[in-house]
Amino acid sequence: MDARTRYSRWLPELEELVAIPSVGVDPAHATDMEAALAWLEPRFSALGAATRIVRSPGEQVLLADLPAQIRPETAPTLLVYGHFDVQPAGDLSLWESPPFRSEIRGEWLYGRGVVDDKGHLVMYLEAVRAVLAHGALAINIRFLIDGAEERAGTLALDCMRQMEPRPDGCLIFDGPMIARGRPAFYIATRGTLAYHLHVRTGERDLHSGQFGGAALNAIEALMAILAAARRGPDGRLPAPLRAGAQPLPPPVEETLHLLPEPLVYLAEQGTHPADALVGADMYHRLWAEPSFEVNAIGSGQPALRHMSIPCEAEAAVSLRLAPGQKADAVAAAFEALLAAAAPAGASLTLTRRGASDPAVLRRDGVLLEAAADAFATEFGTRPLLIQAGGSLPLLTLLGELGIPTVMTGLDLPEGNIHAPNERLLLEHLEHGTAILETLFSNKSFTR
Ligand SMILES: [Zn+2]
């Protein structure tokens, strides 16, 4: 059977949706965002869902409430999240087929958004149709389809905070598996803190012949300040910045040997380990340790040959916070550490530019067990429990609200999301939909 026939349940709709260039970060695509909503809403209505579009400046969220077919008043409610905005196409010359005209090549479907996240949305629709056809929808489903995921919008978070009553669980298909045949559930992510630093050491730049060795240099002062937050020889940040960090939980620790070898993983990204210990503990560092990075430095005029002593220097820096830490507490420790490291005579201004707490998801309960079973049926192996080094405010909120959450997806590391030639493994349409059908017809999720 050719691919077009085998995947005829999904392809026509997915191709239509991909053809709408709903690039949320680009105001030039505002009408396409509306077009995507106008495409999605009637499809959820046709399932029998009560739909509502919520808007704030520049953001849209589609809410669709679908009642259980069996005793909806006592059935549990599952929140199902996805997003219809996509990343910009980027450099068109790097695409082997036009980004917004999907194309099958081999076992893959190519196009912007095919897997992040439109392919998952089409799986949602198709799974509900199949379950409804058998009269077996056992749970209430509340779809929250976000139009501002790629630009870190906040409207979806507001909608979630206001939901009454609270959903009994949350399912998110918007992420990668570890590898082909190896699904994963994300159970925690790191948080963030970002700062701008400004250092002033005098009223004006000075001649190094007249003052070199005697006058305070702003770049040297900045380096001394930044050094206070750097990793030590053990690869760890100073103790005050690590306070509260939780070690990896045993189920994550047990899966580390199944993950890509750290030095190979880094080499594949074209980079080098930060120090000699990374090979032994990279996943602990990425998932269960805070990190500190200097993102940019500015001072003087490096393109010129001039022997002066700068009186000003600035830097952009950021931290990733480990699960267990709180952004406000780490911020206080960080600011104190840097202030103490400023040489006498250097005035340091620290401006906080953003912060988010790490996410620690509830990983108990019927929903996670049922989802793990459903993945095992499809892939022949239970999902690995892993963490993520990045940050997702949505997960932070779900963790804070204590809603059991399955954060997963059927993307693959070679799926090229956010890059040219984004692609979805076609057979994942079948697997993902089958998993959802199993979950949507399971009535046993409880609070
Ligand atoms: Zn996504």
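All values reported here derive from a predicted model rather than from experimental measurement. (Residues numbered from 1 in each chain as written. Predicted model: local features only at pLDDT ≥ 70, side-chain atom pairs only at ≥ 80, totals over all residues. Heavy atoms only, no water.)

### Here's the deal with the packing of aromatic side chains
In step 1: Applying the stated criterion to the full structure yields ten aromatic pairs.
In step 2: Ring geometry for Tyr124 versus Phe173: centroids 6.1 Å apart, planes at 40°, classification tilted. Pair noted here: Tyr124 is in helix α4 (residues 118-133) and Phe173 is in strand β7 (residues 169-173), with a separation of 49 residues, a long-range link.
In step 3: Among the aromatic residues, those joined into a cluster by ring pairs are Phe44, Tyr124, Phe143, Phe173, Phe185, Phe375 and Phe379. (Phe/Tyr/Trp six-rings, centres within 6.5 Å; stacked < 30°, edge-to-face > 60°. Helix = DSSP H or I, 4+ residues; strand = E, 2+ residues; numbered from the N terminus.)

### What to know about the pattern of salt bridges
In step 1: Throughout the structure, instances matching the rule amount to 27 salt bridges.
In step 2: Put simply, Asp65 and Arg142 hold a salt bridge, and the shortest N to O gap is 2.7 Å. Here Arg142 lies in strand β6 (residues 140-146) and Asp65 lies in strand β2 (residues 59-66), a separation of 77 residues in the sequence.
In step 3: Overall, Arg142 belongs to the buried group, its relative accessible area being 18%.
In step 4: Taking the shortest distance from any N to any O, the salt bridge between Arg352 and Asp328 comes out at 2.8 Å. Within this pair, whereas Arg352 is found in strand β14 (residues 347-356), its partner Asp328 is found in helix α12 (residues 327-341), the two being separated by 24 residues in sequence. (Salt bridge = Lys/Arg side-chain N within 4 Å of Asp/Glu carboxyl O. Buried < 20%, exposed > 50% of the residue type's maximum accessible area, 1.4 Å probe, protein only.)

### A word on the sheet that holds strand β11 (residues 291-298)
In step 1: Taken together, four strands build an open sheet; the order of strands is β11-β13-β9-β14 and the sheet is antiparallel. If you trace the sheet from one side to the other, it starts and ends with β11 and β14, each paired once. Strand-to-strand, the axes of this sheet are offset by a mean angle of 20°, without reference to chain direction.
In step 2: Together, β9 (191-200), β11, β13 (312-321) and β14 form the strand contacts of α12, whose direction differs from that of β14 by roughly 165°. (Pairing = 2+ DSSP bridges. Axes fitted to C-alpha atoms, helices over the stretch in contact; angles between N-to-C directions. Contact = heavy atoms within 4.5 Å.)

### Here we look at the packing of helix α3 (residues 30-46) against α4
In step 1: Between α3 and α4, the shortest axis-to-axis distance is 11 Å and the interhelical angle comes to 20°. By the angle between their axes, α3 is roughly parallel relative to α4. For the pair α3 and α4, the crossing hand works out as left-handed. When α3 is examined against α4, the residues Trp39, Leu40, Arg43 and Phe44 are found in contact with a partner set consisting of Leu121, Leu125 and Arg129. (Parallel < 35°, antiparallel > 145°, perpendicular 65-115°, else oblique. Left-handed = near helix turned anticlockwise from the far one by under 90°.)

### What about the nonpolar core?
In step 1: Leu40, Phe44, Ile141, Phe143, Leu171, Phe173 and Phe440 are the most contacted members of the largest nonpolar core, which has 63 residues in total.
In step 2: Aside from chain neighbours lying at most four places away, what touches Phe143 is Phe44, Leu62, Leu63, Ala64, Leu66, Val80, Tyr124 and Val128.
In step 3: By size, the runner-up hydrophobic cluster in this structure holds 40 residues, among which are Tyr81, Ile172, Ala288 and Leu361. (Core = buried A, V, L, I, M, F, W, Y, C linked by side-chain atoms within 4.5 Å.)

### Remarks on the domain arrangement of the protein chain
It is common to give the size of an interface as the accessible area lost on bringing the parts into contact.
In step 1: Segmenting the protein chain into domains produces domain 1 (3-189 + 359-440) and domain 2 (192-245 + 289-356).
In step 2: Computed from C-alpha atoms alone, the centre-to-centre distance between domain 1 and domain 2 is 40 Å.
In step 3: In this assembly, seven residues from domain 1 lie in contact with five residues from domain 2.
In step 4: Here domain 1 packs against domain 2, burying approximately 400 Å² in sum over the two surfaces, 55% of which is carbon and sulfur.
In step 5: Three residues, Thr189, Val360 and Ser391, lead the burial of domain 1 against domain 2; their summed loss comes to 55% of the area buried on that side.
In step 6: Counting the contacts that link domain 1 with domain 2 gives zero salt bridges.
In step 7: Counting across the domain 1 and domain 2 interface gives one residue pair in polar contact (both at pLDDT 80 or more). (Domains from an automatic or database assignment. Buried area = accessible area lost by both parts, 1.4 Å probe. Polar contact = N/O pair within 3.5 Å; in protein donor to acceptor, adjacent residues only side chain to side chain.)

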